[in-house]
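# Working through the structure, step by step
Letter by letter, the chains look like this.
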Amino acid sequence: MTEVLLEEIRENGDIPVHIAVIMDGNGRWAKQRGKPRILGHREGMKSVREVIEASGDAGVKCLTLYAFSSENWNRPRAEVMALMKLLERYTESEKDELRSQGVRVRAIGRIDELETSARRAIRSIEEYTREGNRMDLFLAINYGGRQEIVDAVRALSEDVAGGKVVSGSIDEALFGGYLYTAGAPDPDLLIRTSGEMRISNFLLFQLAYTEIYVTDVFWPDFRREHLFRAILDYQKRDRRFGKVSSGK
Ligand code: IPE
Ligand code: IPE
Ligand code: MG
């Protein structure tokens, strides 16, 4: 069944180059089962694994997963700590598989603000997978879209002050080069699970013309098939970029 969907995606041909995902609904998934929220996060790791593999199979070149937002620090301390531990465990248990799949991992966000062990785990998986050339995996950790823009402005203004950049030459492309995602194309498709119709401070600059797909499925239930259905939906969209219809 799922492979039929993949066939259809390939026949349509217009594969999104970059997919970004707001992995939401872990807590509600657990609550539904009368279990602690952290169990939902743990279960969500299976979805992460499956979506990375399925993205590669579909020919997606870049996948960005929103794992922990700048605002998620405001959750109970025990949950935050459990999420950080899960992140460390994930990088350790998945690094071989990711490397063998040709996935290159890069973290985006204020990584320097994380505790030493989490920071080390991230730097180590980035290093370990650096040769991967089948797909780029951006993990958004301690990430905020506004914070990213502020960090870019800071770095850019230093370069202006240092004479490296003339302010008159600043345009969208140059500015984009100062974002955490420098060098990556803007997302073609944004998927948000668990039904919430908001961006939650994710990739504010990069999502300007991204197609948005919201599903009610909670992240721990999100599987290969759901990803393929999202891509098929994307392939039916008429992306106008402000122009008139391409007649699709
Ligand atoms: C997403 O699931 C995971 C993170 C934000 C880290 P949530 O934990 O937000 O789950 P809900 O939205 O409370 O159901
Ligand atoms: C967004 O989900 C952040 C991540 C998925 C990591 P949240 O659950 O934090 O977003 P809100 O609070 O519902 O907007
Ligand atoms: Mg949530």
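Above this text sits the structure in question.
Read on for an overview of the structure. Nothing here was measured: the structure is a model prediction, and the numbers come from that model. (Residues numbered from 1 in each chain as written. Chains lettered and ligands numbered in written order. Predicted model: local features only at pLDDT ≥ 70, side-chain atom pairs only at ≥ 80, totals over all residues. Heavy atoms only, no water.)

Per the secondary structure count, the protein includes eight helices and six strands. In sequence order, the secondary structure elements of the protein are arranged as α-β-α-α-β-α-β-α-β-α-α-β-β-α. Rg of the C-alpha trace for the protein: 18 Å, near the compact-globule value of 18 Å for 248 residues, within the 12% margin. By its C-alpha atoms, the protein is 55 × 50 × 35 Å across when sized along the principal axes. Looking at the protein residue by residue over its 248 residues, the buried ones come to 48%. Counting only contacts in the protein whose residues sit at least 6 apart along the sequence, the fraction spanning at least 24 positions is 77%. Computed over 38 positive and 39 negative side-chain charges, the inter-centroid distance for the protein is 4 Å. (Helix = DSSP H or I, 4+ residues; strand = E, 2+ residues; numbered from the N terminus. Rg over C-alpha atoms; globule rule 2.2 N^0.38 Å. Buried < 20%, exposed > 50% of the residue type's maximum accessible area, 1.4 Å probe, protein only. Contact = heavy atoms within 4.5 Å. Lys, Arg positive; Asp, Glu negative; His and termini not counted. Charge placed at Lys NZ, Arg CZ, Asp CG, Glu CD.)

Before going further, it helps to examine the site of ligand 1. The environment of ligand 1 is formed by Met 23, Asp 24, Gly 25, Asn 26, Gly 27, Arg 28, Arg 37, His 41, Ala 67, Asn 72, Arg 75 and Leu 83. In the model, an oxygen atom of ligand 1 is placed 2.8 Å from a nitrogen or oxygen of the Arg 37 side chain. Coverage of ligand 1 by the protein amounts to 87% of the 380 Å² it exposes when considered alone. Put simply, the parts of the chain that give the shell around ligand 1 at least two residues each are α2 (26-32) and α3 (37-58). With three residues, α2 is the largest single contributor of residues to the shell around ligand 1. Here the residues of the shell around ligand 1 sort into three nonpolar, five polar and four charged. (Near = heavy atom within 4 Å. Polar contact = N/O pair within 3.5 Å; in protein donor to acceptor, adjacent residues only side chain to side chain. Areas by Shrake-Rupley, 256 points an atom, 1.4 Å probe, with all protein chains shown as cover. Nonpolar A, V, L, I, M, F, W, Y, C, P; charged D, E, K, R; others polar.)

Our next topic: the nonpolar core. Counting residues in hydrophobic clusters, the biggest one holds 46 residues, and the most contacted among them are Ile 19, Ile 52, Leu 63, Leu 65, Leu 137, Ile 191 and Leu 227. Here this core gets seven residues from one element, more than from any other, and that element is helix α4 (residues 77-100). The contact partners of Leu 227, leaving out residues within four places of it in the chain, are Ile 19, Val 51, Ala 54, Ser 55, Ile 191 and Phe 222. Counting 13 residues, the second largest nonpolar core, distinct from the first, contains Ile 22, Tyr 66, Tyr 143 and Leu 203. (Core = buried A, V, L, I, M, F, W, Y, C linked by side-chain atoms within 4.5 Å.)

Inspection of the secondary structure assignment puts His 41 in helix α3. Exposure remark for His 41: the relative accessible area of 7% places this residue in the buried category. At 3.0 Å, the side chain of His 41 and the side chain of Asn 26 are in polar contact.

What surrounds ligand 2 is the set Ile 22, Met 23, Asp 24, Tyr 66, Ala 67, Phe 68, Ser 69, Asn 72, Arg 75, Arg 192, Arg 198 and Ser 200. Within the side chain of Asp 24, an N or O atom sits 3.2 Å from an oxygen atom of ligand 2. Compared with its free state, where it exposes 390 Å², ligand 2 has 78% of that area covered by protein. No other element matches strand β2 (residues 62-69), which puts four residues into the shell around ligand 2. Among the residues forming the shell around ligand 2, the class breakdown is five nonpolar, three polar and four charged.

With that settled, the discussion passes to the pairing of strand β6 (residues 211-214). By the alternation rule, side chains of β6 split into Glu 211 and Tyr 213, which are all buried, and Ile 212 and Val 214, of which none is buried. Bridge count for strand β5 (residues 189-192) against β6 is four bridges, and the pairing is parallel. Across the sheet, Leu 190 pairs through a bridge with Ile 212, a residue of β6. (Pairing = 2+ DSSP bridges.)

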